[in-house]
Amino acid sequence: MSPPMSGKGNDSGAARVLGSGTSGIAELLIFHPVDTVAKRLMSNKAKVSMQTLSPIIFRDAATATVSRKFFSLFPGLGYAAGYKVAQRVYKFGGQPWFNDLINKHYKTGFTNTFGERKGKLMMQATAGSLTGIGEVVLLPLDALKIKRQVNPEAFRGRGVVRIFMEEGTTLYRGWGWTMARNAPGSFALFGASAVTKDYVLGVSDYSKATWGQNFIASIAGAVASITVAAPLDVVKTRIQNANFEQKVPGFTVVKELIKNEGPTAFFKGLTPKILVVGPKLVFSYTLAQSLIPLFSKYV
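Residues numbered from 1 in each chain as written. Predicted model: local features only at pLDDT ≥ 70, side-chain atom pairs only at ≥ 80, totals over all residues. Heavy atoms only, no water.

**Considerations on the packing of helix H5 (residues 116-134) against helix H8 (residues 175-200)**
Where H5 contacts H8, the two axes come as close as 7 Å, and the packing angle between them is 150°. In terms of orientation, H5 lies roughly antiparallel with respect to H8. By crossing handedness, the relation of H5 to H8 is classed as right-handed. Of H8, the residues touching H5 (which contributes Arg117, Lys118, Lys120, Leu121, Met122, Gln124, Ala125, Thr126, Gly128, Ser129, Gly132 and Ile133) are Met179, Asn182, Ala183, Ser186, Phe187, Phe190, Gly191, Ala194, Val195, Asp198 and Tyr199. Among the residues making up the contact of H5 with H8, the classes are represented as eleven nonpolar, eight polar and four charged. (Axes fitted to C-alpha atoms, helices over the stretch in contact; angles between N-to-C directions. Helix = DSSP H or I, 4+ residues; strand = E, 2+ residues; numbered from the N terminus. Parallel < 35°, antiparallel > 145°, perpendicular 65-115°, else oblique. Left-handed = near helix turned anticlockwise from the far one by under 90°. Contact = heavy atoms within 4.5 Å. Nonpolar A, V, L, I, M, F, W, Y, C, P; charged D, E, K, R; others polar.)

Structure representation (structure tokens):
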């Protein structure tokens, strides 16, 4: 998300958690189907055509009614809710915290290296990158969400507690690839957003950006982030959607993907993700910015 979240010192920590968490839930209910479509397209190893598109996206509901097709795009909603709420709370609060830390201890180094203006942008981007790397702690919820979306057979009737007890560290499979994806992805997200505000829109104090300026900056940041992270995101998804007992090395995934599907396969699912970036970020950002001050009156 955009950096301005860090600019409201009068908002309590509890208000930020409640506001960003509620925003995450609302975002999930609206955009989870699109995420499911993207994940299924990324996990598909066959060539996509108009004849195969429906079975790839809707699976067993490909020939069902429109309503059943729609609800088939909500697998793993419980895991997705846990992941999305935790992710949004962490992202909204984590990046400003890292930015404050960098400002306190390393501002001089950034300023001397990049200059005053560019140094500020680099600190925003670096704080985003550190936030993205730390996001790996949420990987089990992300892995369970993806498996429910693209490989529900892996659960075989087991509940979440039993899966955590039986699978343990297996749920962190692909953690290295996740960090490799998140570091440049979050760097691009917060960096491009800050660059757009500073250089394109002329906003020096990000906390005073208007709704329209946040909209434009968030679009730029999110598109840059998703595009930069797309290849590693495909690899991460392929690793995570395998059955629990299957250990698939990332480099094996890369080798087979290039051999069987070609380099363009690294960008599978990119189009539906980018198409949803605009309304998704505008919705979640606007809601969070509206709810946080509201909750601050009570907590």
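**Concerning unusual backbone geometry**
Unusually for a residue other than glycine, arginine 59 sits at a positive phi of about 55°. Relative to the elements of secondary structure, arginine 59 occurs in the loop between helix H2 (50-58) and helix H3 (66-71).

**Points about the pattern of salt bridges**
What the rule picks out here adds up to four salt bridges. Of the charged contacts in the structure, one is a salt bridge between glutamate 27 and arginine 88, with a shortest N-O distance of 2.8 Å. Within this pair, whereas glutamate 27 is found in helix H1 (residues 13-43), its partner arginine 88 is found in helix H4 (residues 77-114), the two being separated by 61 residues in sequence. Glutamate 135 is the partner of lysine 91 in a salt bridge, and the nearest nitrogen-oxygen pair spans 3.1 Å. Placement of lysine 91 in helix H4 and of glutamate 135 in the loop between H5 and helix H6 (139-150) is noted, with a sequence separation of 44 residues between them. Taking relative accessible area as the criterion, lysine 91 reaches 12% and is therefore assigned buried. Classification of glutamate 135 as buried rests on a relative accessible area of 4%. Overlapping salt bridges, with partners in common, bring together Arg117, Lys120 and Asp198 in one network. (Salt bridge = Lys/Arg side-chain N within 4 Å of Asp/Glu carboxyl O. Buried < 20%, exposed > 50% of the residue type's maximum accessible area, 1.4 Å probe, protein only.)

**A look at the nonpolar core**
Nonpolar side chains tend toward joint burial in soluble globular proteins. Counting residues in hydrophobic clusters, the biggest one holds ten residues: Met42, Trp177, Val234, Val235, Ile239, Val253, Val254, Leu257, Ala265 and Phe266. Looking at this core, the elements that each hand over two or more residues are helix H9 (211-240) and helix H10 (250-261). In contact with tryptophan 177, other than residues within four places in its own chain, are Leu232, Val235, Ile239, Gly250, Phe251 and Val254. (Core = buried A, V, L, I, M, F, W, Y, C linked by side-chain atoms within 4.5 Å.)

**Quick look at a nonpolar patch on the surface**
Together, Leu18, Leu294, Tyr298 and Val299 make up an exposed nonpolar region whose accessible area comes to about 400 Å². Examined against the element boundaries, leucine 18 turns out to sit in helix H1. (Patch = residues over 30% accessible without salt bridge, like charges linked within 9 Å, V, L, I, M, F, W, Y side chains within 5 Å. Areas by Shrake-Rupley, 256 points an atom, 1.4 Å probe, with all protein chains shown as cover.)

**Section: H10**
With twelve residues, H10 ought to run about 16 Å at 1.5 Å a step, and its terminal C-alpha atoms sit 16 Å apart, in line with that. Residues of H10 that are buried include every one of Gly250, Val253, Val254, Leu257 and Glu261, and no others. All buried residues of H10 lie within an arc of 100° about the axis, which places them on one face of the element. Across H10 from its buried face, at more than 90 degrees, point the exposed residues Phe251, Lys255, Lys259 and Asn260. (Expected span 1.5 Å × (residues − 1). Arc of directions from axis to C-beta.)

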